[in-house]
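# What the coordinates show
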2 protein chains.
Amino acid sequence: MAQLTGSIVKYPARNLVAWYVGLIVVGTIVLTLSICRGAGAPEITFLDAFFTATSAGCVTGLAVRSTPHDFSFTGQLAILLLIQVGGIGIMSITTFAMFNLGSKPSLRARAILTETLGADDNTDLKWILQHVLLVTVVSEGIGFAILLARNLFLYEPGKAAWHALFHSVSAFCNAGFSLHDDSLVSFQGDVIVNVTISGLIIVGGIGFPVLLDLYKNWRRGPLEGWVNLHLHSKFMLFGTAFFLLAGFGGFLFLEWNGVLNQMPLWKKLLVSGFHSVTCRTAGFNTIDLTSLTNATLFISMILMLIGAGSCSTGGGFKVSTVMVMALHAWKTFQGATRINFARRTIPSEVIQAATATALLFSFVAIVALTMLLVVQQSSTPHPNSPGLFLDAAFEIVSALGTVGLSTGFTGTLSDLGKLIIIALMFLGRIGPISVFAALSMTQRNTPVEYPKEEPLIG
Amino acid sequence: MAQLTGSIVKYPARNLVAWYVGLIVVGTIVLTLSICRGAGAPEITFLDAFFTATSAGCVTGLAVRSTPHDFSFTGQLAILLLIQVGGIGIMSITTFAMFNLGSKPSLRARAILTETLGADDNTDLKWILQHVLLVTVVSEGIGFAILLARNLFLYEPGKAAWHALFHSVSAFCNAGFSLHDDSLVSFQGDVIVNVTISGLIIVGGIGFPVLLDLYKNWRRGPLEGWVNLHLHSKFMLFGTAFFLLAGFGGFLFLEWNGVLNQMPLWKKLLVSGFHSVTCRTAGFNTIDLTSLTNATLFISMILMLIGAGSCSTGGGFKVSTVMVMALHAWKTFQGATRINFARRTIPSEVIQAATATALLFSFVAIVALTMLLVVQQSSTPHPNSPGLFLDAAFEIVSALGTVGLSTGFTGTLSDLGKLIIIALMFLGRIGPISVFAALSMTQRNTPVEYPKEEPLIG
Ligand SMILES: [K+]
Ligand SMILES: [K+]
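The notes below deal with the structure included here. Bear in mind that the values here come from a model prediction, so they are computed numbers and not experimental data.

## What to know about the overall build of chain A
A tally of helices and strands in chain A yields 18 helices and two strands. Within the span of chain A, comprising 458 residues, buried residues form 61% of the whole. When the accessible surface of chain A is totalled, it reaches about 17,300 Å², and 67% of it is carbon and sulfur.

Pasting the structure below:
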């Protein structure tokens, strides 16, 4: 263990990549086995198994094959294990890397984070793994119990338990895989299912450090507890609430005369709320995405890009990164020379890391979208392939943000297209933490200072 | 003059807005007059006149009415005057504001810029206006002479002169208005026209300070001249060359089997080169945009966003802003604590200003695109309005970057849609300089320093 830990501290990005590659390779091999194939289903090609294993291991949820029909129970179990291992893995490893690398040991944040995790000596991978497992088992256990109770009214006990387990794990890990071909559309008006799944998604997506911090402070009561929270936890709670409300309001407004048109008010609210929760990173859906307006799909893409929390099962830019950038822009226009939030000053290294990460993310998305458009359309003029641009852009953002929502484009992917999406799911999963590791491990260098000269801006 | 100058120094953004509003109001009133209407053309509604005046005054080039058919010679002349006044206006005012506001008087850049403009006392609006006029008249004069010589082979002398004048002014001002309904498609293979228009676009788009700097240094020969150029000029020359080549290569590759398919090699190169020059901000076209692939339109949107140079007739993020952000990200990943380029250190205020400006720009684009999609589609599901997303996104970027290319969407705009595009053309024109002014005028405030704490990023 100590050796593994030491090695991960030294080469975190390389080890993380190796770890995920291993998981996906094993998953791919298992999923091509004939016992994983559903009765009467066509053979699972190597590429489709590769796609499915990557999607499950990276908890993305995009699917080129039908989970309920093309895979047997064994196949579904393999997918579930990939999701569970991938989800726990990313939570543990990112937490470990963030706590052990940090940017500067002298910064108070490092100290505070170490505090949260107990004594310094305990912050090794084993301690983190145990506690991540604990959080996972407790959350998924509660979700399982509620979903089981609900499912017993619908299915025979064995199926009820299997569905409850699968969806509870898939929701907590923000994987978005479902045992229904239409995801959760058939549970559109089921308040218990909607609330349970939403709860699991939010808990799994807010990030392990925030959960620990909340656990340590909840006894103090709301006011004193809030004051004692770390800056990162305040960021995440505030930002998550904000984006949940924005997504909810946006969906409600944009689809009021669209898909929500025929629904009673309570169902309008339920569907809008669930979409807002799920589209930031989980990837379930209770409405058919092909019936949404262009405007709704566009704001969904923005929410997918924003994503969830650091050290969580979610993906995207991360809420804290977006908030740092927004605060930075806002304060710059006010002429402020440093950025304060909740009586803390945000170090300039963090702001630099946030903008650099966002730029890299955007750059990858732009290159990938161009490649996907080339691969999927060859040289067709755009009036002969209308809708392709939105479909492809949505798919790219969904893969890179490890969301898993799709307007149906996944089914039309060519082999090259599938490879591009596989690469993006992988990059979306291990990219941010690798970038973080790279930024932390880099020897800070202080280049010679030349006379200052400003290029003109704007 | 001194009073006006003083007032502009004090409230540059407010005065700039007032100046442009005045120009557009006068233009709108003139264009609704019946003498401006083409023979047999339907009445120019107030909204269409407003749209056309804004598009011409902001040198954008989007058109809801046919310039050659719906407007009489007088109407075309009014459009040309709006373009000329708008183009000279933006070059002069932005140059004036940048030189007189700057961020810190102590920075060497300010001093150097003032140097370029001669003695300090001469850097008033009058001096700048005179020299901008000189550059404009010389450039447009050369363009006019070449285009006239070419046109005399095609038209009778009066028409030849009028077309040469109109296109020469429209190209130098990066306006993109044309006296042909198909822009320059009929001159697709005309090397003289392509090269002349491209030259005017590049000279008009690189920015007045760069032109002055080149003029001062060109006698020194290429090597010594280059060394003596200001950082901003080096940025612009390097960046412009890079993006021209990238756009050229991208177009050639993506359309090789598309619109370029039937063309001989020389024409393939000519068309690709012209598209690369024109789509960053000018807005002419020698191929029908509706026959391009989705991928080409996407990279064209990226080029439109990047735009041209500061203190020029072009729009967009500006080449220097994009380069500062790219350098910043690149150096951050290398762990560098300061950013050097060509033996100069870029002040951190400039980097902050660049990222804040880009974020604001993106935010405006996102809000506007959502609004336009809502206004243009009401509640239609996206499979029933395919292609809308690309068309609308292209139109938004084109308006905000004051480019003027369109996939034909301009003609389908509803009244509300027209108002959104008018607002964006206006924001795209006066926005960047207003932001710059706001950033410069803001009292630098140094908030209290709290204990440092880092939120987690990535
Ligand atoms: K997901
Ligand atoms: K233009």
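## So, the coordination of the potassium ion (ligand 1)
Ideal geometry at a metal gives 109.5 degrees between four tetrahedral donors and either 90 or 180 degrees between six octahedral ones. Residues and elements named next belong to chain A. Here the potassium ion (ligand 1) is held by the protein donor atoms Val59 (O), Thr60 (O), Asn174 (O), Thr281 (O), Ala282 (O), Thr402 (O) and Val403 (O), which lie 2.5 to 2.9 Å from it. One chain supplies every donor to the potassium ion (ligand 1), and in sequence these donors are spaced V-T-x113-N-x106-T-A-x119-T-V. Note that threonine 281 is positioned in the loop between helix H13 (265–279) and helix H14 (294–306) and threonine 402 in the loop between helix H17 (388–400) and helix H18 (415–441), a separation of 121 residues in sequence. Here the two residues threonine 281 and threonine 402 agree in accessibility, since each one is buried.

## Notes on the packing of helix H15 (residues 319–333) of chain A against helix H16 (residues 348–377) of chain B
Axis separation between H15 of chain A and H16 of chain B bottoms out at 9 Å; the angle between their running directions is 110°. The angle between the axes of H15 of chain A and H16 of chain B places the two elements in the roughly perpendicular class. At the point where H15 of chain A passes H16 of chain B, the crossing takes the left-handed sense. Contacts from Met325, His328, Ala329, Thr332 and Phe333 of chain A of H15 of chain A reach H16 of chain B at Gln352, Ala353, Thr355, Ala356, Thr357, Leu359 and Leu360 of chain B. Looking at the contact of H15 of chain A with H16 of chain B residue by residue, the class counts come to seven nonpolar, five polar and no charged.

## Regarding the coordination of the potassium ion (ligand 2)
Residue and element names in this part refer to chain B. Distances from the potassium ion (ligand 2) to its protein donors, namely Val59 (O), Thr60 (O), Asn174 (O), Thr281 (O), Ala282 (O), Thr402 (O) and Val403 (O), fall within the range 2.5 to 2.9 Å. Binding-site remark: the potassium ion (ligand 2) is held by donors from one chain whose sequence spacing is V-T-x113-N-x106-T-A-x119-T-V. In this pair, alanine 282 is assigned in the loop between helix H13 (265–279) and helix H14 (294–306) and threonine 402 in the loop between helix H17 (388–400) and helix H18 (415–441), connecting sequence segments 120 residues apart. Just as alanine 282 is buried, threonine 402 falls in that class too.

## Observations concerning the interface of chain A and chain B
Contacts between the two partners involve 100 residues from chain A, matched on the other side by 100 residues from chain B. Roughly 8,900 Å² of surface becomes buried between chain A and chain B when both sides are summed, with 67% attributable to carbon and sulfur atoms. When the buried area of chain A at its contact with chain B is split by residue, Glu453, Leu456 and Ile457 of chain A rank highest and sum to 10% of it. Counting across the interface, chain A meets chain B through zero salt bridges. Across the chain A-chain B interface, the total number found is six residue pairs in polar contact (both at pLDDT 80 or more). Sorting the residues of the side of chain A that touches chain B by element identifies helix H6 (108–116), helix H12 (231–255), H14, H15, strand E2 (344–346), helix H16 (348–377), H17 and H18 of chain A as the ones contributing at least two each. Examining the composition of the side of chain A that touches chain B, we find that 15 residues originate from one element, H16 of chain A, more than from any other.

## Remarks on the relation of the copies chain A and chain B
After a rotation of 180° and a shift along the axis of 0.0 Å, chain A superposes on chain B with an RMSD of 0.0 Å. Classification of the inter-copy transformation places it as that of a two-fold axis. A symmetric contact is evident, with 100% of the interface residues of chain A recurring at the interface of chain B.

## What about the side chain of asparagine 217 of chain A?
Here asparagine 217 of chain A lies in helix H10 (residues 208–217). From its side chain, asparagine 217 of chain A meets the backbone oxygen of aspartate 213 of chain A in a polar contact 2.9 Å long.

## Regarding H17 of chain A
Residue and element names in this part refer to chain A. Compared with the 18 Å implied by 1.5 Å per residue over 13 residues, the 18 Å span of H17 between its first and last C-alpha is a close match. Here H17 lies mainly inside the structure; 13 of its 13 residues are buried. In the stretch just after H17, threonine 402 is the one whose phi turns positive, near 45°.

## Regarding H13 of chain A
All names here are of chain A. Its 15 residues give H13 an end-to-end C-alpha distance of 21 Å, which sits within 8% of 21 Å, the value for a rise of 1.5 Å per residue. Buried within H13 are the following residues: Lys268, Leu270, Val271, Ser272, Phe274, His275, Ser276, Val277, Thr278 and Cys279. Its buried side turned inward, H13 meets helix H9 (191–206), H12 and H14.

## Here we look at unusual backbone geometry
Residues and elements named next belong to chain B. The phi angle at asparagine 174 is positive, at roughly 55°, despite the residue not being glycine. Tracing the backbone shows asparagine 174 in the loop between helix H8 (157–172) and helix H9 (191–206). The backbone of serine 183 sits at a positive phi, close to 55°, despite the residue not being glycine. Counting through the fold element by element, serine 183 comes out in the loop between H8 and H9. On the accessibility criterion, serine 183 (8% relative accessible area) is buried.

## Here we look at the environment of isoleucine 24 of chain A
Residues and elements named next belong to chain A. With respect to the element layout, isoleucine 24 can be found in helix H2 (residues 12–32). Looking at isoleucine 24, the relative accessible area reads 5%, which means it is buried. Separated by 25 residues in the primary sequence, isoleucine 24 and alanine 49 have C-alpha atoms spaced 9.5 Å apart. The residues contacting isoleucine 24, other than those within four sequence positions of it, are Phe50, Ala53, Thr54, Cys58 and Phe426.

## Some words on the packing of aromatic side chains
All names here are of chain B. Counted under the stated rule, the structure contains 19 aromatic pairs over all chains. Their ring planes at 65° and their centres at 6.4 Å tell us that phenylalanine 238 and phenylalanine 341 sit as a pair that is edge-to-face. One end of the pair, phenylalanine 238, is in helix H12 (residues 231–255); the other, phenylalanine 341, is in strand E1 (residues 339–341), and 103 residues separate them in sequence. Look at phenylalanine 341 and you get buried, because its relative accessible area is 19%.

## Comments concerning a nonpolar patch on the surface
Residue and element names in this part refer to chain A. A contiguous nonpolar surface patch, about 440 Å² in accessible area, is contributed by Leu134, Val138, Ile142, Ile146 and Ile192. Per element, the largest residue contribution to the nonpolar patch is four residues, and it comes from helix H7 (residues 125–151). Mapped onto the elements of the fold, valine 138 is located in helix H7.

## Things to note about the pattern of salt bridges
Here the structure, examined in full by the defined rule, presents ten salt bridges over all chains. Taken together, the shared-partner salt bridges connect Asp48, Arg65, Asp70 and Lys418 of chain A into one network.

## Things to note about the environment of threonine 410 of chain B
All names here are of chain B. Topologically, threonine 410 is positioned in the loop between H17 and H18. With 347 residues separating them in the primary sequence, threonine 410 and alanine 63 have C-alpha atoms 6.8 Å apart. A polar contact is formed between the side chain of threonine 410 and the side chain of glutamate 395, at a distance of 2.5 Å. Only 2.9 Å separates the side chain of threonine 410 from the side chain of serine 406, close enough to count as a polar contact.

## Concerning the side chain of histidine 163 of chain A
Residue and element names in this part refer to chain A. Assignment of secondary structure puts histidine 163 in helix H8 (residues 157–172). Note on histidine 163: relative accessible area 8%, which makes it buried. With residues up to four places along the chain from it excluded, the contact list for histidine 163 reads Asn151, Tyr155, Leu179 and His180.

## Structural notes on the packing of helix H10 (residues 208–217) of chain B against H12 of chain B
Angle between the axes and distance between the axes are the two parameters that describe a pair of packed helices. All names here are of chain B. Relative orientation of the contacting elements H10 and H12 amounts to 105°, with a least axis distance of 9 Å. With respect to H12, the element H10 is oriented roughly perpendicular. Together, Val210, Asp213 and Leu214 of H10 and His232, Ser233, Met236 and Leu237 of H12 make up the contact between the two elements.

## Some thoughts on the nonpolar core
Grouped together as the largest cluster of nonpolar side chains are 201 residues, with contacts concentrated most on Ile346 of chain A together with Ile83, Ile197 and Ile346 of chain B. Of all the elements, helix H5 (residues 73–101) of chain B adds the most residues to this core, at twelve residues. Ala78, Leu125, Phe177 and Val193 of chain A belong to the second-largest nonpolar core, a separate cluster that totals 60 residues.

What counts as what
Residues numbered from 1 in each chain as written. Chains lettered and ligands numbered in written order. Predicted model: local features only at pLDDT ≥ 70, side-chain atom pairs only at ≥ 80, totals over all residues. Heavy atoms only, no water. Helix = DSSP H or I, 4+ residues; strand = E, 2+ residues; numbered from the N terminus. Buried < 20%, exposed > 50% of the residue type's maximum accessible area, 1.4 Å probe, protein only. Areas by Shrake-Rupley, 256 points an atom, 1.4 Å probe, with all protein chains shown as cover. Donors = N, O, S within 2.8 Å, 3.2 Å for Na, K, Ca; no water. Axes fitted to C-alpha atoms, helices over the stretch in contact; angles between N-to-C directions. Parallel < 35°, antiparallel > 145°, perpendicular 65-115°, else oblique. Left-handed = near helix turned anticlockwise from the far one by under 90°. Contact = heavy atoms within 4.5 Å. Nonpolar A, V, L, I, M, F, W, Y, C, P; charged D, E, K, R; others polar. Buried area = accessible area lost by both parts, 1.4 Å probe. Salt bridge = Lys/Arg side-chain N within 4 Å of Asp/Glu carboxyl O. Polar contact = N/O pair within 3.5 Å; in protein donor to acceptor, adjacent residues only side chain to side chain. Least-squares fit on C-alpha atoms with pLDDT ≥ 70 in both. Expected span 1.5 Å × (residues − 1). Phe/Tyr/Trp six-rings, centres within 6.5 Å; stacked < 30°, edge-to-face > 60°. Patch = residues over 30% accessible without salt bridge, like charges linked within 9 Å, V, L, I, M, F, W, Y side chains within 5 Å. Core = buried A, V, L, I, M, F, W, Y, C linked by side-chain atoms within 4.5 Å.

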